[in-house]
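Observations on the model geometry
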Amino acid sequence: MTEALLLAVVYAIIGKLGLMVDAVSGFATLLWPPSGIALAALLLRGNRLWPGIAIGAFLANAWGGASVPTACAIAMGNTLEAVLGALALRRLGFDVSLGRVRDVLALAGVAAFLTTMVSATVGVASLYLAGAVAPGSVALTWRAWWLGDMASELIVAPLLLTLGAPRGPSAGTRRLGEAAALVLSIAVAWALIFDGAPIARTALQRAYLLFPPLVWAALRFDQRAVAAATLVAGASAVFGTALGLGPFAATTLHASLMSLQLFLLVLATTALVLGAAVAERARAARESRTSDERLRLAQQAARLGTFDWDVRSGVIVWTPELEAMHGLPPGAFGGTRRAWEELVHPDDRDEVVRRVEHAFAIGAPVEAEWR
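Owing to the predicted nature of the structure, the values given are computational and were not obtained by experimental measurement. (Residues numbered from 1 in each chain as written. Predicted model: local features only at pLDDT ≥ 70, side-chain atom pairs only at ≥ 80, totals over all residues. Heavy atoms only, no water.)

**Looking at the overall build of the protein chain**
- Of the regular secondary structure elements, the protein chain holds 14 helices and two strands.
- Burial statistics for the protein chain: of 371 residues in total, 42% are counted as buried.
- The contacts of the protein chain with a sequence gap of at least 6 include a subset with a gap of at least 24, amounting to 67%.
- By element, 65% of the accessible surface of the protein chain is carried by carbon and sulfur atoms, the whole surface being about 19100 Å². (Helix = DSSP H or I, 4+ residues; strand = E, 2+ residues; numbered from the N terminus. Buried < 20%, exposed > 50% of the residue type's maximum accessible area, 1.4 Å probe, protein only. Contact = heavy atoms within 4.5 Å. Areas by Shrake-Rupley, 256 points an atom, 1.4 Å probe, with all protein chains shown as cover.)

Structure representation (structure tokens):
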């Protein structure tokens, strides 16, 4: 119960702050961090916290000026969004560490793209029935609501999820200098993009300077760092745009943020997918090394040997067990085709070589008997 109440307080306060940023029709804001907080809370702590979302959403919207029935309806939509998103992701076998590409795609496609439509639809319908949204503004209000929730679940939720996930191998303090350089690169990119110069084609092109730091984070750090860098880059971009600077600045703040959010959605998804792909590759490499070590230990115990033959280069790598089986001292095998042929009995050499070459040509296994 304590966790639910804490979630309600955090949701209400941050939600109220979001509603103060030029919300369309007064309630559809393009900055709505509570959506990401709510989804992360349910995924990390369980669906039992849903009352905290409902209470927090009601308080935030009532605090923002909505009538009690309208605030209740909006709270119901916000709660359904989070609950349905968490249920759907769990059904898909979602891992909160975001260490697989499938997890990032599930978060982006199911939670961020689909379930956020529930909140946007219920919320805008409630406002329309209450007379707070004119018929001509329904589409604009719905789009702003949807984009705000979507951006939150792709920028805010990943950091909370990865921070709450079990810890993997630590990079240690030796990477602190590189992490500081990464933060500095984001600051430099921000300064170049939001320099206050007149908006032009070149300014829009400079917006892509935010990509290299996030690619750096994905290639050199884990998903926690990628999520943190994405949040820092997104928050700094929102700050610059709110000041009327940079390529996304428009006549109104909500119009500026709408253009910016589309860019940040692409930025966040790209960074998270790349980070997950790098994590999958690193995990596969670790598993391969573990498998190789287990095979080596098994061969030592059973006194068996293997060799690898690169057909194109002609290089042959033997395990020490094979050398021992042939009565050779460790490292004595030359590792070439000639060295291998010299180990074959002269009477069998031509036939064995012919069979090996034929097997390599058709990709078939080679059977050999050591005598």
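**Examining the environment of Val-273**
- Note that Val-273 resides in helix 11 (residues 253–302).
- The sequence separation of Val-273 and Asp-103 amounts to 170 residues, and the corresponding C-alpha distance is 8.9 Å.
- Sequence-distant contacts of Val-273, defined by excluding residues within four places in its chain, comprise Val-101, Val-104 and Leu-105.

**Description of unusual backbone geometry**
- Although it is not a glycine, Leu-98 sits at a positive phi angle of roughly 55°.
- Mapped onto the elements, Leu-98 comes out in the loop between helix 4 (68–91) and helix 5 (101–129).
- Since its relative accessible area comes to 1%, Leu-98 is described here as buried.

**Let's talk about the packing of helix 3 (residues 50–63) against helix 4**
- The contact between helix 3 and helix 4 brings their axes to 8 Å, and the two run at 140°. In this view, helix 3 runs oblique relative to helix 4, as classed from their interaxial angle. Here helix 3 and helix 4 pass one another in a crossing that is right-handed. Contacts from Trp-50, Ile-53, Ala-54, Ala-57, Phe-58, Asn-61 and Ala-62 of helix 3 reach helix 4 at Val-68, Ala-71, Cys-72, Ile-74, Ala-75, Asn-78, Thr-79, Ala-82 and Val-83.
- Along the lines of polarity and charge, the residues of the contact of helix 3 with helix 4 split into 13 nonpolar, three polar and no charged. (Axes fitted to C-alpha atoms, helices over the stretch in contact; angles between N-to-C directions. Parallel < 35°, antiparallel > 145°, perpendicular 65-115°, else oblique. Left-handed = near helix turned anticlockwise from the far one by under 90°. Nonpolar A, V, L, I, M, F, W, Y, C, P; charged D, E, K, R; others polar.)

**Concerning the pattern of salt bridges**
- Counting across every chain of the model gives five salt bridges.
- The shortest N-O distance in the salt bridge between Arg-220 and Glu-178 comes to 2.8 Å. On the criterion of sequence distance, the pair formed by Arg-220 in helix 9 (residues 211–220) and Glu-178 in helix 7 (residues 176–193) is long-range, its members being 42 residues apart.
- Relative accessible area serves as the criterion here: at 17%, Glu-178 is assigned to the buried category. (Salt bridge = Lys/Arg side-chain N within 4 Å of Asp/Glu carboxyl O.)

**Quick word on a nonpolar patch on the surface**
- On the surface, Val-9, Ile-13, Leu-17, Met-20 and Trp-63 cluster together to form a nonpolar patch covering roughly 540 Å² of accessible area.
- In terms of residue count, the dominant contributor to the nonpolar patch is helix 1 (residues 2–19) (three residues).
- Summarising the element assignment, Leu-17 is placed in helix 1. (Patch = residues over 30% accessible without salt bridge, like charges linked within 9 Å, V, L, I, M, F, W, Y side chains within 5 Å.)

**Some remarks on helix 3**
- The terminal C-alpha atoms of helix 3 lie 20 Å apart, and with 14 residues this matches the ideal 20 Å at 1.5 Å per residue to within 8%.
- For helix 3, the full list of buried residues reads Gly-52, Ile-53, Gly-56, Ala-57, Ala-60 and Asn-61. Burial along helix 3 is one-sided: seen end-on, the buried residues are contained in an arc of 145°.
- Those residues of helix 3 that are buried lie in contact with helix 1, helix 2 (34–45) and helix 4.
- After helix 3 finishes, the residue Gly-65 shows a positive phi value of roughly 115°. (Expected span 1.5 Å × (residues − 1). Arc of directions from axis to C-beta.)

**What about the side chain of Thr-79?**
- Mapped onto the elements of the fold, Thr-79 is located in helix 4.
- Owing to a relative accessible area of 8%, Thr-79 belongs among the buried residues under this scheme.
- Apart from the residues lying within four places of it in its own chain, the contact partners of Thr-79 are Trp-50, Ile-53 and Ala-54.

**Concerning the packing of helix 1 against helix 2**
- Contact pair helix 1 / helix 2: the axes reach a minimum separation of 10 Å and the direction vectors enclose 165°. Of the possible angle classes, the one that applies to helix 1 and helix 2 is roughly antiparallel. Considering how the two elements wind past one another, helix 1 and helix 2 form a crossing that is right-handed. Residues Glu-3, Leu-7, Val-10, Tyr-11, Ile-14 and Gly-15 of helix 1 pack against Pro-34, Ile-37, Ala-38, Ala-41 and Arg-45 of helix 2.

**Thoughts on the side chain of Ser-152**
- Following the sequence through the fold, Ser-152 ends up in helix 6 (residues 138–164).
- Of note is the side chain of Ser-152, whose polar atom sits 3.1 Å from the backbone oxygen of Trp-32.
- With sequence-adjacent residues up to four places away left out, Ser-152 is seen in contact with Trp-32, Pro-33, Pro-34, Ser-35, Gly-36 and Ala-157. (Polar contact = N/O pair within 3.5 Å; in protein donor to acceptor, adjacent residues only side chain to side chain.)

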